[in-house]
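# Coordinate analysis (summary)
Listed below are the residues making up each chain.
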Amino acid sequence: MIQRSAQAMFKLSDEQLQQLLHELQQRTGITVETPRWLLEEYLGERSAELGMSSVQGYLDSLKDDLGSRAEWLALVDLLTVKETRFFRQPAAFQQVRQEVCTRAQADTIGPEFSVWSVGCSTGEELYSLGMVVEHALRDSGCATNWHGIGTDVSFGAVARAKIGRYPERSINDIPLAYRSRYIRCEDKDQYWVCDRIFNRISFFHSNLMHVENAPFAKFDIVFCQNVLIYFDRITRLHVIDQLLTRTRAGGLLVLGAGEDIGWHTDQAERISQDGVTTYRKLGGFENG
Ligand SMILES: C[S@@+](CC[C@H](N)C(=O)[O-])C[C@H]1O[C@@H](n2cnc3c(N)ncnc32)[C@H](O)[C@@H]1O
């Protein structure tokens, strides 16, 4: 977090602020809620580092398509809200567990089961899903292989997620039954997600604004929580449509309460419960 400093001398005019927020919105879909003073501090520090003395000089440098790419990524990294924790919305994880157990018992799971954490931040959400899926499959005596993919627009968040190491205060959010099986304490205040989970999970940088180009196959569970709340309604509807195209027939699209914007489709049935907005894609069970 940037502290207030002499760099607060950097001032954006209303027009420059609007232009910047508009451009950020176009690139990431998100409506940035960073306070103006913090935005000015960040831009002030960055332009000083880059040897630029004027606001306009810095803003102009963001316009050059090739050279500005890294700078945009740095801005996006700073301005996206990355708050997350293990098992953040317990009812959603309970629904995933129930889904895996039910399908394992009904023998509607194929040899591969896949999960996508959309807007995965620093990885806690996908590792939680991994623990739930692994536990439910083995509890059901099912030998199915599973794998999980996490994607986020923040390179910093993805880099941290890939490490799979967390401090004790984060680990405390994990229910004991999962913590004792899947978390290892290697050192004081350093906890690792065990290999049984870690080795089945991958993280990638990917921007939901270009979700239709993401080179991913279809998933049995598409899990998107606390991401679309920062998008405008039209973008949300478009992204949810795209997420459904990436959901296998019979699979679940699990959205957070904030993602629920009265989206309707004739390709999925809404099966919401306990504050979780979930859709099951119609068309039987498509197995991997
Ligand atoms: C508040 S966090 C939620 C993390 C996790 N899903 C959870 O519920 O705990 C929102 C995440 O969405 C990511 N995000 C925002 N805009 C995005 C975009 N256009 N494409 C992909 N990820 C995005 C942010 O970088 C951030 O990590």
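Just so it is clear, the structure is predicted and the values come from calculations on it, not from any experiment. (Residues numbered from 1 in each chain as written. Predicted model: local features only at pLDDT ≥ 70, side-chain atom pairs only at ≥ 80, totals over all residues. Heavy atoms only, no water.)

### Considerations on the sheet that holds strand E4 (residues 183–187)
Taken together, 3 strands build an open sheet; the order of strands is E3-E5-E4 and the sheet is antiparallel. The open sheet is flanked by strand E3 (165–166) and E4, the only strands paired with a single partner. Alignment of E3 against strand E5 (residues 190–193), held across 2 bridges, turns out to be antiparallel. Residue pairing for E5: Tyr166 is matched across the bridge by Tyr191. (Pairing = 2+ DSSP bridges. Helix = DSSP H or I, 4+ residues; strand = E, 2+ residues; numbered from the N terminus.)

### What about helix H5 (residues 90–105)?
Because each turn of an α-helix spans 3.6 residues, side chains separated by three or four positions end up pointing in the same direction. With 16 residues, H5 extends 23 Å from end C-alpha to end C-alpha; this agrees with the ideal 22 Å at 1.5 Å per step. Residues of H5 that are buried include every one of Ala92, Phe93, Gln95, Val96, Glu99, Val100, Cys101, Arg103 and Ala104, and no others. A positive backbone phi angle near 60° is found at Asp107, which sits one or two residues after H5. (Expected span 1.5 Å × (residues − 1). Buried < 20%, exposed > 50% of the residue type's maximum accessible area, 1.4 Å probe, protein only.)

### A closer look at the layout of surface pockets
Counted as a void, the largest pocket has a volume near 630 Å³. Grouping the constituent residues of the lining of the largest pocket by class yields 15 nonpolar, 12 polar and 6 charged. Each of domain 1 (6–79) and domain 2 (90–281) gives at least three residues to the lining of the largest pocket. Looking at the second largest pocket, its volume works out to about 360 Å³. The wall of the second largest pocket is formed by 18 residues, among which Thr122, Glu124, Arg160, Tyr166 and Ser170 lie closest to the centre. Here the lining of the second largest pocket takes 4 residues from helix H7 (residues 155–163), the largest share from any one element. Class assignment for the residues of the lining of the second largest pocket results in 4 nonpolar, 5 polar and 9 charged. (1 Å grid on protein atoms, 1.4 Å probe; cavity = no way out; pocket = protein on both sides within 12 Å on 5 of 7 lines; lining within 4 Å. Points joined across faces, edges and corners; volume = space filled by probe spheres on them. Nonpolar A, V, L, I, M, F, W, Y, C, P; charged D, E, K, R; others polar. Domains from an automatic or database assignment.)

### Points about the pairing of E5
Only one face of E5 is covered, namely the one carrying Tyr191 and Val193; the face carrying Gln190 and Trp192 has none of its residues buried. The pairing of E4 with E5 spans 4 bridges and is antiparallel. Across the sheet, Cys185 pairs through a bridge with Tyr191, a residue of E5.

### Focus on the sheet that holds strand E2 (residues 145–152)
Spatial strand order, E6-E2-E1-E7-E8-E10-E9: 7 strands in an open sheet with mixed pairing. Edge positions in the sheet fall to strand E6 (201–205) and strand E9 (268–270), since each has one partner strand and no second. Along the sheet, successive strands turn relative to each other by an average axial angle of 20°, direction set aside. Where E2 meets E6, 5 bridges bridge the pair, whose relative direction is parallel. For Gly148, the partnering residue across the bridge sits in E6 and is Ile201. Contacts from H7 reach E2 and E6, with the element oriented near 165° to E6. (Axes fitted to C-alpha atoms, helices over the stretch in contact; angles between N-to-C directions. Contact = heavy atoms within 4.5 Å.)

### Considerations on the domain arrangement of the protein
Parsing the protein into structural domains produces domain 1 (6–79) and domain 2 (90–281). Relative placement of domain 1 and domain 2: their C-alpha centres are 32 Å apart. Contacts between the two partners involve 10 residues from domain 1, matched on the other side by 10 residues from domain 2. Between the two partners, domain 1 and domain 2, sit 0 salt bridges. (Salt bridge = Lys/Arg side-chain N within 4 Å of Asp/Glu carboxyl O.)

### A look at unusual backbone geometry
Phi at Ser121 takes a positive value of approximately 50°, unusual for a residue other than glycine. You can see Ser121 is positioned in the loop between strand E1 (112–118) and helix H6 (124–139). Since its relative accessible area comes to 5%, Ser121 is described here as buried. Positive phi, normally seen in glycine, also occurs at Asp189, with a value near 60°. Mapped onto the secondary structure, Asp189 falls in the loop between E4 and E5.

### Points about the pattern of salt bridges
Tallied over the full model, the rule gives 15 salt bridges. Glu40 serves as the salt-bridge partner of Arg36, at 3.6 Å between the closest nitrogen and oxygen. Taken as a pair, Arg36 and Glu40 lie in helix H2 (residues 36–49) at a separation of 4 residues, close to a single helical turn. Accessibility expressed as a relative area gives 33% for Arg36, which makes it partly exposed. When the shortest N-O distance is used, the salt bridge between Asp220 and Arg103 registers 3.7 Å. Of this pair, Asp220 sits in strand E7 (residues 219–224) while Arg103 sits in helix H5, and the two are 117 residues apart along the sequence. Comparing Asp220 with Arg103 shows no difference in burial state: the two are buried. One connected set of salt bridges, linked through shared partners, spans Lys11, Asp14, Arg36 and Glu40.

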